[in-house]
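# Structural overview
So you can see what is in the structure, the chains are spelled out below.
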Amino acid sequence: MDTKFSSSIHTLILISESETPMNSDQIAESVGTNASYIRKLTTRLSKAGIIEGRRGVSGFRLVRKPDDISLLDIYKAVMETDTLHLFDLHQNPNDACIVGSNIRPVLGGMFRDMEESVEKRLQGMTLADCIDSMQEYIRNNKKENIQ
């Protein structure tokens, strides 16, 4: 499974919540990957108008408010696509078989319906929602650790 989407959300939360600009090395350390992978992601996020690098300063900043960045915006940016694609169909079903000759249109329609449903959910969720969820999780875990 591809991790560009989750790595990008991680990256954007870091950028949004950091008091100082974070560069690709610092982000990579937090994400648990290498800086060149982060630079590929930040290039795509920058092209989509979600972040920008600062001239003369090492690091990135959000161009839009977290409330204005949907998870679908992030997905489309880093996956470089206009539509969500989660499911692939096997390529060579046997047309001589009743199932093989009909499986692609049947599953294709079902898969597209599911992807459209996920697209709608991602469109309704924002980076701010992720940040809020993370802050709540941290608060709840601190309470559990203290008790």
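Let us look at the structure shown here. (Residues numbered from 1 in each chain as written. Predicted model: local features only at pLDDT ≥ 70, side-chain atom pairs only at ≥ 80, totals over all residues. Heavy atoms only, no water.)

## What to know about the overall build of the chain
Of regular secondary structure, the chain possesses six helices and two strands. Tracing the chain from N to C terminus, the helices and strands come up as α-α-α-β-β-α-α-α. Computed over its C-alpha atoms, the radius of gyration of the chain comes to 19 Å, more than 25% above the 15 Å expected for a compact globule of 147 residues. Principal-axis analysis of the C-alpha atoms gives the chain an extent of 60 × 45 × 25 Å. Buried positions account for 31% of the 147 residues belonging to the chain. (Helix = DSSP H or I, 4+ residues; strand = E, 2+ residues; numbered from the N terminus. Rg over C-alpha atoms; globule rule 2.2 N^0.38 Å. Buried < 20%, exposed > 50% of the residue type's maximum accessible area, 1.4 Å probe, protein only.)

## Quick look at the packing of aromatic side chains
Counted by the stated rule, this structure contains two aromatic pairs. An angle of 80° between the planes, with centres 5.6 Å apart, marks the rings of Phe5 and Tyr75 as edge-to-face. Residue Phe5 is located in helix H1 (residues 4-17), and its partner Tyr75 is located in helix H4 (residues 71-79); the two are separated by 70 residues in the primary sequence. Summarising the aromatic geometry, the rings of Phe87 and Phe111 are spaced 4.9 Å apart at their centres and angled 35° between planes, so their arrangement reads as tilted. Taken together, the residues Phe87 in the loop between H4 and helix H5 (103-123) and Phe111 in helix H5 connect sequence positions 24 residues apart. (Phe/Tyr/Trp six-rings, centres within 6.5 Å; stacked < 30°, edge-to-face > 60°.)

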